[in-house]
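Listed below are the residues making up each chain.
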Amino acid sequence: MSEVESATTELKTQYAAQVAADLERNTKEQERIGGEVAALQEQLSALQHDQSLLVNLQRTLGAESLEEAGSSKEESVPAAKPSLPRQASAETKSGRRKKATASKPKKAAAKIPETKASSPAAKLPTLVELIHNHLGRQSEPRSSAEISTALAQAHPDRDIKPKVVRTTVEGLVAKGHVQRTKQGSSVFYTAAETPAADNSTEQEPATA
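Residues numbered from 1 in each chain as written. Predicted model: local features only at pLDDT ≥ 70, side-chain atom pairs only at ≥ 80, totals over all residues. Heavy atoms only, no water.

Colleague: Summarise the pattern of salt bridges; cite the residues concerned and give the values.
Modeller: Per the counting criterion, the structure on display carries 7 salt bridges. Notably, a salt bridge pairs Glu-24 with Lys-28, separated by 3.5 Å at the nearest N-O pair. Here the residue Glu-24 and the residue Lys-28 both occupy positions in helix 1 (residues 3-76), the gap between them amounting to 4 residues, near one helical turn. Using a relative accessible area of 45% as the deciding quantity, one classes Lys-28 as partly exposed. Between Arg-180 and Glu-170 there is a salt bridge, and its shortest N-O distance comes to 2.5 Å. Here Arg-180, found in strand 3 (residues 178-183), pairs with Glu-170, found in helix 4 (residues 162-175); they are 10 residues apart in sequence, far enough to count as distant. By relative accessible area, Arg-180 is classed as partly exposed at 39%. Salt bridges linked by common partners bring Glu-29, Arg-32, Glu-36 and Lys-175 together as one network. (Salt bridge = Lys/Arg side-chain N within 4 Å of Asp/Glu carboxyl O. Helix = DSSP H or I, 4+ residues; strand = E, 2+ residues; numbered from the N terminus. Buried < 20%, exposed > 50% of the residue type's maximum accessible area, 1.4 Å probe, protein only.)

Colleague: Describe the side chain of His-134, listing the residues and the values that go with them.
Modeller: Position of His-134 relative to the elements: it lies in helix 2 (residues 127-136). Using a relative accessible area of 10% as the deciding quantity, one classes His-134 as buried.

Colleague: I'd like a description of the nonpolar core, backed by residues and values.
Modeller: In terms of nonpolar packing, the biggest core is built from 15 residues, with Ile-131, Ile-147, Leu-151, Val-165, Val-169 and Val-178 touching the most fellow members. Examining the composition of this core, we find that 5 residues originate from one element, helix 2, more than from any other. Discounting residues that sit within four places of it in the chain, Val-169 has contacts with Ile-131, Ile-147, Val-178 and Tyr-189. (Core = buried A, V, L, I, M, F, W, Y, C linked by side-chain atoms within 4.5 Å. Contact = heavy atoms within 4.5 Å.)

Colleague: Mind laying out the packing of helix 2 against helix 4, listing which residues take part and the relevant values?
Modeller: Two elements in contact, helix 2 and helix 4, have axes separated by 10 Å at closest approach and are oriented at 75°. It follows from the interaxial angle that helix 2 and helix 4 lie roughly perpendicular. Across the interface between the two elements, Leu-127, Val-128 and Ile-131 from helix 2 touch Val-164, Val-165, Thr-168, Val-169 and Leu-172 from helix 4. Looking at the contact of helix 2 with helix 4 residue by residue, the classes come out as 7 nonpolar, 1 polar and no charged. (Axes fitted to C-alpha atoms, helices over the stretch in contact; angles between N-to-C directions. Parallel < 35°, antiparallel > 145°, perpendicular 65-115°, else oblique. Nonpolar A, V, L, I, M, F, W, Y, C, P; charged D, E, K, R; others polar.)

Colleague: How would you explain the environment of Val-178 if you had to name every residue and give the values?
Modeller: Within the secondary structure layout, Val-178 lies in strand 3. With 43 residues separating them in the primary sequence, Val-178 and Leu-135 have C-alpha atoms 8.3 Å apart. Leave out the neighbours within four places in its chain, and Val-178 touches Leu-135, Val-169, Leu-172, Val-173, Tyr-189, Thr-190 and Ala-192.

Colleague: Help me get a handle on the pairing of strand 3, residues and values and all.
Modeller: Walk down a regular strand and you will see the side chains alternate between the two sheet faces. Two strands pair when backbone bridges link them, and strand 3 and strand 4 (residues 186-191) are joined in this way by 6 bridges, in the antiparallel orientation. Bridge assignment links Arg-180 to a residue of strand 4, and that residue is Tyr-189. Following strand 3, the chain reverses through 2 residues before pairing antiparallel with strand 4; Gly-184 in that reversal takes a positive phi of roughly 70°. (Pairing = 2+ DSSP bridges.)

Colleague: Please give an account of the packing of helix 2 against helix 3 (residues 144-154) that cites residues and values.
Modeller: The contact between helix 2 and helix 3 brings their axes to 11 Å, and the two run at 110°. With respect to their mutual orientation, helix 2 and helix 3 come out roughly perpendicular. Of the residues in helix 3, those touching helix 2 at Leu-127, Leu-130, Ile-131, His-134 and Leu-135 are Ile-147, Ala-150 and Leu-151. Its residues assigned to classes, the contact of helix 2 with helix 3 shows 7 nonpolar, 1 polar and no charged.

Dropping the structure here:
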């Protein structure tokens, strides 16, 4: 093999290694971003659920307040003051006329509308919190399939998909909240001993 062919082969090898490294880095970045998107989607769904509950509660309270205010207005209108004719006394020497005094009707006490205490909407944990809490209770590493099955059994009312669980766990790995170990062709996850300080994407904002 000539020197030119050797240099060409070596250059191709370097390019192939660089492309493989870039591809692996791109794949990991997609998994990390996908995990963050899934976590945000969970938070958005919880907020939308809370908003629908609050809107329905607000409408109910508003309708009750209007009804009670209308009934209070009707009760507070005083009755018409009866008109009494002036009574003249022809027998009195002074000829003064006496006026009959009409009793004033008592004003109806205004009814104070009762306000119903609004119960705060139930806060639903996000998928990130469910995964992190589940791994924290495990003494051995768990695969994404095992995590997905356990969460689906524990929360049958939620649509927990294995693909979303795997993407979310990879996002937690990228943030340092979860550790990943590989045994053969299988990947297992455990909760990190010292989670990262930034928990902004795991905490749900307080509902209004």
